[in-house]
Amino acid sequence: MSISLSSLILCPIWISMAQIQQGGPDEKEKTTALKDLLSRIDLDELMKKDEPPLDFPDTLEGFEYAFNEKGQLRHIKTGEPFVFNYREDLHRWNQKRYEALGEIITKYVYELLEKDCNLKKISIPVDASESEPKSFIFMSEDALTNPQKLMVLIHGSGVVRAGQWARRLIINEDLDSGTQIPFIKRAMDEGYGVIVLNPNENYIEVEKPKIHVQSSSDSSDEPAEKRERKDKVSKETKKRRDFYEKYRNPQREKEMMQLYIRENGSPEEHAIYVWDHFIAQSAAENVFFVAHSYGGLAFVELMIQREADVKSKVTAVALTDSVHNVWHQEAGKTIREWMRENCCNWVSSSEPLDTSVESMLPDCPRVSAAF
């Protein structure tokens, strides 16, 4: 096992500090000397030797990857699958690289939804001002006008966005395994209108404004000697804080803050918003849902909030490894009875496909997904 340069240097120092702090007053001089040593270590340079810059390409081509004719992500030159541990013993850097690739794949899937599936990107909230945070969903041309049937797709929680089931499967398996595209294409081939929800797009991130703290020396009422003492303490505190910040955040990544999207600040809110403004307004006589993982919980919450409307429009619900819980979500008896008749939850199981799987929850049947 290799040890990073920063760990090799810093660990003995932290241990020595801890030992000294346990000693008596006679150790004060040693503590001061060690603090002085720590203050002179240039952690920016130290950490750069351990971790390359967090500066990654913004295109698949930049990463030297592409999807082949089978929808598999492969290295352009070697033909090999994606390698997570690109830099050995640099887990944080490898994770940041993986996340950067994931963001590119998210945009790539959006392009496929528009170009290959002919879906339209619809901005929400529908009455959003130009300056406020916005999200979006995808719809087929006939989503609101198809008089017969409408398919609604809801993914699970985490980093996935509209059109995806699992980022890991997209990267490690193929597009058919990890995206909703096969569902969308089949639904459209069979005459369904389609709406693709985007329940994890709940906020936008912007850089935090810098806060300028007024110096204590501006207090003209205080005696000069007292101001000097306070300034000295303030400078020491700032030095310690900067030292810690350099170690915690060696490459000075930007501090971000989240601005939530009106009426879409959670997956549950998003499902209700899309129902009220789109699904409930659709002409379809029969609405069908496919909801994965947390998407199932969002659907149950939608039922709780809009029970009569959902029952009047929704014909059937296919859940996949749904994490809903009718007790915790306080779904009433009438909802549980409706779910038993109109929902089915396909769960991970080694049993043959559609084999009944026992459940302790009195809601909908659970059957094997055969994997």
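Basis of the calculations
- In this convention, every chain numbers its residues from 1, walking through the sequence in written order.
- Where totals are concerned, whole chains, interfaces and linings use all residues; where local detail is concerned, this predicted model gives features only for residues with pLDDT of at least 70, and gives and counts side-chain atom pairs only at 80 or more.
- Working from all heavy atoms in the structure, the side-chain values ignore hydrogens and water.
- Helix and strand definitions here come from DSSP, where helices need a minimum of 4 consecutive H or I residues and strands a minimum of 2 consecutive E residues; each element is numbered from the N-terminal end.
- Categorising residues by exposure relies on relative accessible area from a 1.4 Å probe, with only protein chains included: less than 20% of the type maximum marks a residue as buried, more than 50% marks it as exposed, and the intermediate range marks it as partly exposed.
- Here, residues are in contact when the closest pair of their heavy atoms is within 4.5 Å.
- For the area figures, the Shrake-Rupley method with a 1.4 Å probe applies, and any residue is considered shielded solely by the protein chains shown.
- Here the nonpolar core consists of buried residues drawn from Ala, Val, Leu, Ile, Met, Phe, Trp, Tyr and Cys, with membership extended through side-chain atoms lying within 4.5 Å.
- Throughout, an axis means a line fitted to C-alpha atoms (over the contacting stretch in the case of helices), and angles, computed between N-to-C directions, take values from 0 to 180 degrees.
- Throughout, the term roughly parallel applies to angles under 35 degrees, roughly antiparallel to angles over 145, roughly perpendicular to angles from 65 to 115, and oblique to all others.
- If you view the pair so one helix is near and one far, a crossing is left-handed when the near helix is turned anticlockwise from the far one by less than a right angle, and right-handed when it is turned clockwise.
- When residues are sorted by character, Ala, Val, Leu, Ile, Met, Phe, Trp, Tyr, Cys and Pro go into the nonpolar class, Asp, Glu, Lys and Arg into the charged class, and all the rest, Gly among them, into the polar class.
- Put simply, a salt bridge is a Lys or Arg side-chain nitrogen that is within 4 Å of an Asp or Glu carboxyl oxygen.
- Given a helix with a known number of residues, its expected span is that number minus one, times 1.5 Å.
- Two strands pair under a simple rule: DSSP has to find at least two bridges between them.
- Side-chain rings of Phe, Tyr and Trp (the six-membered ring for Trp) are treated as a pair once their centres are within 6.5 Å; stacked means planes under 30 degrees apart, edge-to-face means over 60, and tilted covers the remaining angles.
- We call a charge positioned over a ring when the NZ of a Lys or the CZ of an Arg lies within 6 Å of the ring centre and within 35 degrees of the ring normal.
- As a per-residue quantity, pLDDT reports the predictor's confidence and falls between 0 and 100.

Considering the overall build of the protein
Part 1 of the reasoning: When its secondary structure is counted, the protein shows 13 helices and 12 strands.
Part 2 of the reasoning: Within the protein, the fraction of its 371 residues that count as buried is 40%.
Part 3 of the reasoning: The contacts of the protein with a sequence gap of at least 6 include a subset with a gap of at least 24, amounting to 67%.
Part 4 of the reasoning: Carbon and sulfur atoms provide 51% of the accessible area of the protein, an area that totals close to 21600 Å².

Quick notes on the nonpolar core
Part 1 of the reasoning: Counting 37 residues, the largest nonpolar core has Ile195, Ile279, Phe289, Phe299 and Met339 as the members making the most contacts within it.
Part 2 of the reasoning: In contact with Met339, other than residues within four places in its own chain, are Val300, Met303, His324, Val326, Asp363, Cys364 and Pro365.
Part 3 of the reasoning: Within the second largest apolar cluster, 36 residues are counted, among which are Leu73, Ala100, Leu112 and Ile181.

Regarding the packing of helix H10 (residues 267-279) against helix H11 (residues 294-305)
Part 1 of the reasoning: Direction vectors running N to C along H10 and H11 enclose 55°, while the axes themselves pass 9 Å from each other. With respect to each other, H10 and H11 are oriented oblique. For H10 against H11, the interelement crossing comes out right-handed. Residue-level contacts link Pro267, Glu268, Ala271, Ile272 and Trp275 of H10 to Tyr294, Leu297, Ala298, Glu301, Leu302 and Gln305 of H11.
Part 2 of the reasoning: Grouping the amino acids of the contact of H10 with H11 by side-chain chemistry returns 8 nonpolar, 1 polar and 2 charged.

Considerations on the environment of Leu60
Part 1 of the reasoning: Its place among the elements puts Leu60 in helix H4 (residues 60-63).
Part 2 of the reasoning: Expressed as a C-alpha distance, the spacing of Leu60 and Tyr108, which sit 48 residues apart in the sequence, is 8.9 Å.

So, the pattern of salt bridges
Part 1 of the reasoning: The full count for this structure, using the stated rule, is 10 salt bridges.
Part 2 of the reasoning: The residue Glu190 makes a salt bridge to Arg186 at a minimum N-O spacing of 2.9 Å.
Part 3 of the reasoning: Arg186 gets classed as exposed once you look at its relative accessible area, which sits at 58%.
Part 4 of the reasoning: Among the ionic pairs, Glu307 bridges to Lys311, the shortest N-O distance being 2.7 Å. With Glu307 and Lys311 both in helix H12 (residues 307-313) and 4 residues apart, this pair spans about one turn of that helix.
Part 5 of the reasoning: Taking relative accessible area as the criterion, Lys311 reaches 29% and is therefore assigned partly exposed.
Part 6 of the reasoning: Members of the salt-bridge network, linked through shared partners, are Asp127, Glu132, Arg262 and Glu263.

Observations concerning H11
Part 1 of the reasoning: Over its 12 residues, H11 runs 17 Å from end to end, which matches the ideal 16 Å to within 8%, given 1.5 Å per residue.
Part 2 of the reasoning: Across the 12 residues of H11, 9 count as buried, placing the element largely inside the fold.
Part 3 of the reasoning: Taken together, the buried positions of H11 are Gly295, Gly296, Leu297, Ala298, Phe299, Val300, Glu301, Leu302 and Met303.

Section: the sheet that holds strand E11 (residues 343-347)
Part 1 of the reasoning: In spatial order, the strands read E3-E4-E6-E5-E9-E10-E11-E12; together these 8 strands make up an open sheet with mixed pairing. Two strands in the sheet have a free side with no partner beyond their single neighbour: strand E3 (120-124) and strand E12 (366-368). Across the sheet, the axes of successive neighbouring strands diverge by a mean angle of 20°, strand direction being ignored.
Part 2 of the reasoning: Judged from the 4 bridges that link them, strand E5 (residues 149-154) and strand E6 (residues 193-196) form a sheet pairing that is parallel. Its bridge partner being in E6, Leu150 is matched across the sheet by Gly193.

Focus on the packing of aromatic side chains
Part 1 of the reasoning: Scanning the entire structure with this criterion turns up 15 aromatic pairs.
Part 2 of the reasoning: With 5.6 Å between their ring centres and 35° between their planes, Tyr110 and Phe138 make a pair best called tilted. Residue Tyr110 is located in helix H5 (residues 91-115), and its partner Phe138 is located in strand E4 (residues 135-139); the two are separated by 28 residues in the primary sequence.
Part 3 of the reasoning: You can call Tyr110 buried: its relative accessible area is 10%.
Part 4 of the reasoning: The class of Phe138 is buried, set by a relative accessible area of 0%.
Part 5 of the reasoning: Ring geometry for Trp165 and Phe183: centres 5.4 Å apart, planes at 75°, overall edge-to-face. Here Trp165, found in the loop between E5 and helix H6 (167-172), pairs with Phe183, found in helix H8 (residues 181-189); they are 18 residues apart in sequence, far enough to count as distant.
Part 6 of the reasoning: Every member of this aromatic cluster is reached through a ring pair, and the members are Tyr65, Phe82, Phe84 and Tyr98.
Part 7 of the reasoning: Lys149 extends its terminal NZ or CZ atom over the ring of Tyr192, reaching a point 4.4 Å from the ring centre.

Some points on the confidence of the model for the protein
Part 1 of the reasoning: On average, residues of the protein score 84 in pLDDT, and 75% of them reach the 70 mark or higher.
Part 2 of the reasoning: Low confidence marks residues 1-22, where pLDDT is under 50. Its contacts with residues over four positions away, or in another chain, come to 27 contacts.
Part 3 of the reasoning: Residue range residues 43-49 is modelled with pLDDT below 50. Its contacts to residues more than four positions away, or to other chains, number 14 contacts.

Digging into unusual backbone geometry
Part 1 of the reasoning: With omega at -5°, the peptide bond leading from Ile124 into Pro125 counts as cis.
Part 2 of the reasoning: Relative to the elements of secondary structure, Pro125 occurs in the loop between E3 and E4.
Part 3 of the reasoning: Within the chain, Asn118 stands out as a residue other than glycine whose phi angle is a positive 60°.
Part 4 of the reasoning: Along the polypeptide, Asn118 turns up in the loop between H5 and E3.
Part 5 of the reasoning: A positive phi angle, close to 70°, is found at Asp354, a residue other than glycine.
Part 6 of the reasoning: By secondary structure assignment, the location of Asp354 is in the loop between E11 and E12.

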